[in-house]
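# What the coordinates show
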Amino acid sequence: MTPDELIEKISEHNGIQRRNRFSVDFSSQCGDITSVESIPAIYASFGQRGVELTPDRTTGPGIGRNIPTNPTYESDKGLLIRFPVEQDWATYKIIQSWFNGLSSLSAGVSGKLTAINFYDDCAKQGTVTLKALTYNGTVACTFTFKEAFPAVILPMDFDSEPNSGNATYDVIFNFRYYEAR
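In this report, the structure presented in the accompanying data block is examined. Everything quoted here is computed from the prediction, not taken from an experiment. (Residues numbered from 1 in each chain as written. Predicted model: local features only at pLDDT ≥ 70, side-chain atom pairs only at ≥ 80, totals over all residues. Heavy atoms only, no water.)

## A word on the sheet that holds strand β1 (residues 22-27)
Sheet architecture is open: five strands sit in the order β2-β1-β5-β6-β9, paired in antiparallel fashion. Bordering the open sheet on either side are β2 (35-39) and β9 (177-180), each of which pairs with just one other strand. This sheet shows a mean twist of 15° between the axes of neighbouring strands, independent of strand direction. Looking at chain direction, β1 and strand β5 (residues 127-133) are connected through six bridges and run antiparallel. The residue bridging V24 from the neighbouring strand is L130, located in β5. Each of β1, β2 and β5 is contacted by helix α2 (residues 90-102), which is oriented at about 35° to β1, the strand it contacts most. (Pairing = 2+ DSSP bridges. Helix = DSSP H or I, 4+ residues; strand = E, 2+ residues; numbered from the N terminus. Axes fitted to C-alpha atoms, helices over the stretch in contact; angles between N-to-C directions. Contact = heavy atoms within 4.5 Å.)

Set out below in structure tokens:
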């Protein structure tokens, strides 16, 4: 492809997407959350998508022919989102409420996790939506993570160094599958 052909191809699709323009929405039936829109987020990462292959045992180079069977979401970390800490810790408190809704801790069991609410009642209802935005803020692509819920809040660092920057925390969300539209 020549440089002119590359420029023309990019122009046909209205330019190149920036990596830093996105927004995050939540919805769940757990805790105090029903729907929360435009959550401030700094960074998001999710794993690759693939297809499981089953060899059909026909002869040929290598291992022969492979038949695609099931979609896979190959990730060792699920959906990782980094959030800034607001002065009132609003987003952190929403995620804590979601955690509590997933377990019996919300029922007031004094610090002991004795049972998990039924998956269908709570975790299955969770959705995390990541919207990739254009330069002017319109939605270019939407990634919807289904059966999503927070699985881990990674350790937080508090640092009193003058150049330590703003406080952030990372949350890993588990999800069953995602759709891109």
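## With respect to the environment of P84
Topologically, P84 is positioned in strand β4 (residues 66-84). Residue classification places P84 among the partly exposed residues on the basis of a relative accessible area of 22%. Distance from P84 to D170, taken between C-alpha atoms, is 8.9 Å for residues 86 residues apart in sequence. Not counting residues within four places of it along the chain, the set of residues in contact with P84 comprises P40, A41, I42, A167, T168 and Y169. (Buried < 20%, exposed > 50% of the residue type's maximum accessible area, 1.4 Å probe, protein only.)

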